[in-house]
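Chain and residue survey
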Amino acid sequence: MCGIVGFTGVIPAAPVLLEGLARLEYRGYDSAGIAVFQNHKILIKKACGRLKTLCDLISNGINYDSPTGIGHTRWATHGKPSDDNAHPHRSQDGSFAIVHNGIIENYAMLKRQLQEKGYQFSSETDTEVVAHLLQDNYNGDLFDTIVRTLQMLEGSYALGILNVDHPDELYAVRKSSPLIVGTSNQGNMIASDIPAILPLTRKVYYLNDNEIVRLTKNSVEIFDLQHHLLDRAVTTIDWDVSAAEKGGYEHFMIKEIMEQPKALRDTITPRIKNGQIHLDGIEIDQALLQNIQRINIIACGSAYHVGVVAKYVIEELCRIPVFAEIASEFRYSNPIVDENSLVIIISQSGETADTLAALREAKARGATILSIVNVVGSSIANESKNVLYTWAGPEISVATTKAYSTQLALMYLIALYIAQRLGRVDDTQTSNLLAQIAALPDKVEQILKLAPKIETLAQRYAYLEHAYFIGRNLDYAVALEASLKLKEISYIHSEAYAAGELKHGTISLIEDGTFVAGLACVKRLVAKTMSNIKEVKARGAEVLLLTCEDYDIHSDEVDHILTIPSTHELLMPSLEVVPLQLLGYYVAKARNCDIDKPRNLAKSVTVE
Ligand code: G6P
């Protein structure tokens, strides 16, 4: 949530900051602002609304020549979106300006104390206390001032800090919120995520918690809180700028849907060599696997839905009980996890606050952790002994597609890897499954050709108020994701239901014209699901059926039918999710929704 940037260099900062913010807008987009130096003062410009409002207000920053500045794009936590609540925030005397991503948990107490000292607040944010505290603690030594201020804060923060006495310097610090440093011969930059720095450089330093970085136009110094200079290697990002651009597509979401064959190939191919699974040298103790009592899969949102698919797959292949859990529930549940547990964490961003907290909880209880992450160097990756990266490339659209698909592909490989190590699958089963996993990218490519047909179909559903996605077993797991996709970007109320459970209550909502998407891709359950579909049809539902092209289903049993190629039954979710992503996208498009930035949402959820 919230994106921060900062720059100091040999070129004007404002355009660099605005370009960086544009690439971080997925993190929050209710207001934006920048601060730069002007006439020995700090000038702050901010505006409620999308970044474009700010860019129009300040003519894209072309009139500011300051080579140093900070910027912010906000997802409101404390106080509604407004000009006043937008960042940067200034100290009372204007000597400091800061941008913040995270939450200062003890801000109310600090605010009271500052008010008693006479400080006046101009926003409802938690962040403003930090600006006033910096002023209050300032003793001429900026580093010392920052450290003493940090010592008073509880919560999470990535902060960018400007001070009038140091116009050629930019300070930044992180604790439990993401922050990276990009370095180039035009200057140095801080940002919440990689896409923001790509127009400037692909060379980055990753920061750890409780590190303070001091940037000048030609230096990057990283310190611990005791002011020891730390040695940090530069990493080169192999994404290019275009990876984080729309490349001719109308929305990032459709670009990312279409990128799935490549993302799947990049994720799968290096892990299958000579008919064997190679999992990047992860270490899962054989004794642990032999004694394992349970596997917990913990994640949020769509990543959790991957966990639900994986539960069916791992239980089928490995015969180990699997619990797929929502991170925000797991972390406060006094979980039954110990040294005999394998905990699989799934996260695209690697920064989701609840998922990170769940990881720490499981680690503290002695579990072996295996994380599936897309963003290299993210907090979850850093804190996990075993990390498998999805090679999906940057995902910008708030609604995930290619990250979901690549997470799923990795889960198949993990399930098979464990089953193999436990001797629960033989060589023939293994090579059959591996061949089918390797064939998934081509099949997804074939399914994407359904896009025009689905776009036409979507026109019919543009005026829906409610939608239901039903299926059994793996089809139910995919229904969860399909329903979320439609709901989050089109604002149509949607529910996913286990088809057999419908008659225990929800069927009472079905009436003439109610939209039901029936998922019938698990071959052995097709007849059962079709019975449930007939039940809703009998009550007037308009049914769209998704099934495999080689199953024997009469199209007159439903209103519309989409068919896809088949694969091994356990792998069907990888294929069936694709037309459902397209359905969500095209319905939202037909409704003229802001697809890449749905209201109230953000992509990287760094608050709990
Ligand atoms: C947000 C995103 C979802 C994502 C979830 C978990 O809600 O919009 O697409 O699935 O966070 O994010 P993570 O980065 O941990 O996968």
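The rules behind these values
- Residues numbered from 1 in each chain as written.
- Predicted model: local features only at pLDDT ≥ 70, side-chain atom pairs only at ≥ 80, totals over all residues.
- Heavy atoms only, no water.
- 1 Å grid on protein atoms, 1.4 Å probe; cavity = no way out; pocket = protein on both sides within 12 Å on 5 of 7 lines; lining within 4 Å.
- Points joined across faces, edges and corners; volume = space filled by probe spheres on them.
- Helix = DSSP H or I, 4+ residues; strand = E, 2+ residues; numbered from the N terminus.
- Domains from an automatic or database assignment.
- Pairing = 2+ DSSP bridges.
- Axes fitted to C-alpha atoms, helices over the stretch in contact; angles between N-to-C directions.
- Contact = heavy atoms within 4.5 Å.
- Near = heavy atom within 4 Å.
- Polar contact = N/O pair within 3.5 Å; in protein donor to acceptor, adjacent residues only side chain to side chain.
- Areas by Shrake-Rupley, 256 points an atom, 1.4 Å probe, with all protein chains shown as cover.
- Sits in = over half its atoms within 2 Å of the grid points.
- Nonpolar A, V, L, I, M, F, W, Y, C, P; charged D, E, K, R; others polar.
- Core = buried A, V, L, I, M, F, W, Y, C linked by side-chain atoms within 4.5 Å.
- Buried < 20%, exposed > 50% of the residue type's maximum accessible area, 1.4 Å probe, protein only.
- Buried area = accessible area lost by both parts, 1.4 Å probe.
- Salt bridge = Lys/Arg side-chain N within 4 Å of Asp/Glu carboxyl O.

Think of a ball as big as a water molecule: rolled over the atoms, this probe shows where empty space is left. What the largest pocket holds in volume is close to 700 Å³. Residue assignment for the lining of the largest pocket shows that the elements contributing at least two residues are α9 (301-318), β19 (341-347), α11 (353-364), α13 (402-421) and α17 (474-490). For the lining of the largest pocket, the element with the highest residue contribution is α9, accounting for 5 residues. Residue contributions to the lining of the largest pocket reach at least three from each of two domains, namely domain 2 (246-438) and domain 3 (446-597). Taken as a whole, the second largest pocket encloses approximately 490 Å³ of empty space. Looking at the second largest pocket, it is lined by 21 residues, and the ones nearest its centre are Asp238, Trp239, Ala392, Gly393 and Pro394.

Our next topic: the sheet that holds strand β25 (residues 542-548). Spatial strand order, β23-β22-β24-β25-β26: 5 strands in an open sheet with parallel pairing. Only two strands of the sheet have a single neighbouring strand rather than two, namely β23 (493-498) and β26 (560-564). Direction aside, neighbouring strands of the sheet carry axes that sit 15° apart on average. Here 6 bridges tie strand β22 (residues 466-471) to β23, and the two strands are oriented parallel to one another. If you follow Gly471 over to β23, its bridge partner there is Ala498. Running over the sheet, helix α16 (residues 451-460) touches β25 and β26 and is turned about 155° from β26.

Residues in contact with the ligand amount to 13 residues; listed here are only the nearest, Ser302, Ser347, Gln348, Ser349 and Thr352. Between Val398 and the ligand, the recorded distance is 3.1 Å, taken from a backbone N or O atom to an oxygen atom. Across the complex, the protein chains shield 89% of the 390 Å² of accessible surface that the ligand would expose by itself. In this structure the site holding the ligand corresponds to the largest pocket. Split into classes, the residues belonging to the shell around the ligand amount to 5 nonpolar, 7 polar and 1 charged.

With 119 residues, the main nonpolar core has Ile295, Ile314, Leu317, Ile344, Met411, Ile418 and Phe469 as its most contacted residues. Broken down by element, this core gets its largest block of residues, 13 residues, from α13. Judged by nonpolar contacts, the second largest core, of 34 residues, contains Ile34, Val36, Ile180 and Ala191.

Strands in a sheet are paired, the pairing made by backbone hydrogen bonds, and the direction either parallel or antiparallel. In space, the 6 strands of this open sheet follow the order β5-β6-β7-β8-β12-β13, with antiparallel pairing throughout. Unpaired on one side and paired on the other, β5 (89-90) and β13 (219-223) mark the two borders of the sheet. Each of β5, β6 (96-104) and β7 (155-163) touches helix α4 (residues 128-137); the most contacted strand, β6, lies at about 135° to it.

Now for the pairing of β13. Direction of pairing for strand β12 (residues 211-216) relative to β13: antiparallel, over a ladder of 5 bridges. The residue bridging Ile212 from the neighbouring strand is Phe223, located in β13. Following β12, the chain reverses through 2 residues before pairing antiparallel with β13.

Domain boundaries in the protein define domain 1 (3-241), domain 2 (246-438) and domain 3 (446-597). Relative to domain 3, the C-alpha centre of domain 2 lies at a distance of 25 Å. Facing 32 residues of domain 2, the contacting portion of domain 3 comprises 28 residues. Here domain 2 packs against domain 3, burying approximately 2,600 Å² in sum over the two surfaces, 67% of which is carbon and sulfur. On the domain 2 side of the contact with domain 3, Met253, His305 and Tyr312 bury the most area, a combined 20% of that side's loss. Counting the contacts that link domain 2 with domain 3 gives 1 salt bridge. Run the count over domain 2 and domain 3 and you get 12 residue pairs in polar contact (both at pLDDT 80 or more). Taken together, the elements giving at least two residues each to the side of domain 2 that touches domain 3 come down to α6 (252-258), α7 (260-268), α9, α13 and α14 (427-438).

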